[in-house]
Amino acid sequence: MRRDTAAGVQGQAARSLPEHVAIIMDGNGRWARGRGMARHAGHRAGAKTVRKIVEYCGQRGIHALTLFAFSSENWRRPRTEVRVLMELFLSTLDRESERLHRNNVRLRFMGAREDFPRRLQQRLLEAERLTRDNSGLQLNIAASYGGRWDISSAARRLAEAVQAGALRPEEITPERLGQEVCLAELPEPDLFIRTGGERRISNFMLWQLAYTELYFTPVLWPDFTPADLDEAFSDFAGRERRFGQTSEQVEGRESGRA
Ligand code: FPP
């Protein structure tokens with residue numbers, strides 16, 4: 001796992017392309033409504049965008065891409081919409097897993113997967129197993145996921161370790177808890193993108209986004225193109241990432257600690 005040390009900070013300052021991109025894919029419903037179509041048509045169009053953006057991230061050499069596909073709160077949507085989304089996840093997995101595998105993509109799913117229908121849980125596992133040794137794009141799909149769920153699950157695991165006598169309470173530090181949250185084995189996201197015009201994080205990766213650059217675009221997810229992603233990358237390249245340090249330190253003109 002990457003730690004944001006002073007050396008890491010300077011590495012970051014020099015890096016113009018994000019290593020890990022996290023995206024809230026918002027605006028499918030409005031895209032469909034704007035065309036007089038049912039919401040599920042927006043989700044289907046959104047799935048096509050997922051394919052294009054995954055492909056493009058692979059081409060650009062992005063190390064990790066994390067997509068928010070279904071939040072803990074999305075279960076509250078109308079039953080028919082939830083059903084359509086489950087079917088879409090299943091059919092997309094069936095159609096795409098082999099192709100992703102051939103392209104050296106590793107798939108991971110994060111979230112309360114026990115909430116999903118058995119058949120889907122099984123497919124998630126199969127796709128993860130199939131792609132687990134792939135070293136190309138690390139593609140993570142957040143499904144039935146919430147940042148608060150993630151942090152509280154991590155805290156519960158630590159509490160259980162304390163109860164079992166395997167951990168002392170004073171050993172619970174941000175570093176230790178950070179090892180328990182989802183995607184601890186990957187670098188934290190450098191760039192967060194939310195499409196669809198809202199400017200919220202909406203319970204996505206609350207722990208992992210602590211130092212992430214945030215980018216909001218009005219483009220609705222089904223309309224989001226590789227050119228829009230390039231625009232986000234250009235914006236990211238112009239940001240100064242300080243991780244709590246001063247500009248002088250980041251630029252290497254001053255050392256870390258007096
Ligand atoms: C938010 O738009 C989008 C979702 C809740 C679902 C995202 C799902 C996909 C993009 C489809 C497939 C994904 C994968 C990984 C195969 P919204 O419905 O809230 O849009 P609105 O704000 O315009 O109503």
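Residues numbered from 1 in each chain as written. Predicted model: local features only at pLDDT ≥ 70, side-chain atom pairs only at ≥ 80, totals over all residues. Heavy atoms only, no water.

Per its UniProt entry, the protein bears the Sequence similarities (unreviewed entry) comment "Belongs to the UPP synthase family." (UniProt positions renumbered as here; feature names shortened; annotations may be inferred.)

Draft legend 1. Main features of the pattern of salt bridges. Throughout the structure, instances matching the rule amount to 25 salt bridges. Residue E180 is joined to R176 by a salt bridge in which the shortest nitrogen-to-oxygen separation is 3.0 Å. Here R239 ties to D235 by a salt bridge, and the two come within 2.6 Å at their closest N and O atoms. According to the relative accessible area criterion, R239 is partly exposed, its value standing at 27%. Salt bridges here are not isolated pairs; linked through shared partners, they connect R51, E55, R95, E96 and R99. (Salt bridge = Lys/Arg side-chain N within 4 Å of Asp/Glu carboxyl O. Buried < 20%, exposed > 50% of the residue type's maximum accessible area, 1.4 Å probe, protein only.)

Draft legend 2. Region of the structure containing the nonpolar core. Counting residues in each nonpolar core, the largest one holds 40 residues, and the members touching the most others are I23, L65, L67, L139 and I193. Tallying contributions element by element places helix 4 (residues 79–102) first for this core, with 7 residues. In this view, I23 contacts I53, L65, T66, L67, F68, I193, F204 and W221; residues no more than four positions away in its chain are not counted. In terms of nonpolar packing, the next biggest core, distinct from the first, is built from 14 residues, A142, L183, L186 and F192 among them. (Core = buried A, V, L, I, M, F, W, Y, C linked by side-chain atoms within 4.5 Å. Helix = DSSP H or I, 4+ residues; strand = E, 2+ residues; numbered from the N terminus. Contact = heavy atoms within 4.5 Å.)

Draft legend 3. Spatial organisation of the side chain of D26. Looking at the element boundaries, D26 is found in the loop between strand 1 (20–24) and helix 2 (28–33). A polar side-chain atom of D26 sits 3.4 Å from a polar atom in the side chain of R30. With near-sequence residues (within four places) excluded, D26 lies in contact with R194, T195, G196, E198, V219, L220 and W221. (Polar contact = N/O pair within 3.5 Å; in protein donor to acceptor, adjacent residues only side chain to side chain.)

Draft legend 4. Layout of the site of the ligand. Close to the ligand lie 17 residues, the nearest being D26, G29, R30, R39 and R77. Within the side chain of D26, a nitrogen or oxygen atom sits 3.0 Å from an oxygen atom of the ligand. Separating an oxygen atom of the ligand from a side-chain N or O atom of R77 is a distance of 2.7 Å. About the coverage of the ligand: the protein hides 90% of its 620 Å² of free accessible area. Sort the elements by how many residues they give to the shell around the ligand and helix 3 (residues 39–60) lands first, with 4 residues. Residue composition of the shell around the ligand, by class: 6 nonpolar, 7 polar and 4 charged. (Near = heavy atom within 4 Å. Areas by Shrake-Rupley, 256 points an atom, 1.4 Å probe, with all protein chains shown as cover. Nonpolar A, V, L, I, M, F, W, Y, C, P; charged D, E, K, R; others polar.)

Draft legend 5. Layout of the UniProt feature "binding site: Mg(2+)" (unreviewed entry) in the protein. Sequence positions flagged by UniProt for "binding site: Mg(2+)" (unreviewed entry) are, in local numbering, D26 and E213. For E213, the position within the fold is in strand 6 (residues 213–216). Ignoring any residue separated from it by four or fewer positions in sequence, one finds E213 in contact with D190, L191, F192, F236, R239, E240 and R241.

Draft legend 6. Up close: the packing of aromatic side chains. In the structure shown here, the tally under the stated rule is 12 aromatic pairs. The rings of F68, Y145, W149, F192, F204 and F216 are connected pair by pair, giving a single aromatic cluster. (Phe/Tyr/Trp six-rings, centres within 6.5 Å; stacked < 30°, edge-to-face > 60°.)

Draft legend 7. Representation of the sheet that holds strand 3 (residues 106–110) in the model. Reading across from one edge, 3-4-2-1-5-6 is the order of the 6 strands in this open sheet, with parallel pairing throughout. One side of each edge strand has no neighbouring strand; the edge strands of this open sheet are strand 3 and strand 6. This sheet shows a mean twist of 20° between the axes of neighbouring strands, independent of strand direction. Direction of pairing for strand 1 relative to strand 2 (residues 64–71): parallel, over a ladder of 5 bridges. When the bridges of strand 2 are listed, H20 appears paired with A64. (Pairing = 2+ DSSP bridges. Axes fitted to C-alpha atoms, helices over the stretch in contact; angles between N-to-C directions.)

Draft legend 8. Broad picture of helix 6 (residues 147–163). The end-to-end C-alpha separation of helix 6 is 24 Å, in line with the 24 Å expected for 17 residues at 1.5 Å each. Every buried residue of helix 6 is accounted for by G147, D150, S153, A154, L158 and A161. Considered in projection along helix 6, the buried side chains sweep an arc of 135° and stay on one side of the axis. Residues of helix 6 that are exposed and angled more than 90 degrees away from the buried face: R148 and Q163. Those residues of helix 6 hidden inside the fold are in contact with strand 4 (138–145) and helix 7 (174–178). Residue G165 follows helix 6 closely and has a positive phi angle near 80°. (Expected span 1.5 Å × (residues − 1). Arc of directions from axis to C-beta.)

Draft legend 9. Summary view of the pairing of strand 4. Burial within strand 4 is extensive, with 8 of its 8 residues counted as buried. Judged from the 7 bridges that link them, strand 2 and strand 4 form a sheet pairing that is parallel. From the neighbouring strand, L67 faces strand 4, where its bridge partner is I141. Pairing of strand 3 with strand 4, which is carried by 5 bridges, proceeds in the parallel orientation. Along strand 4, the bridge assignment pairs R108 with N140.

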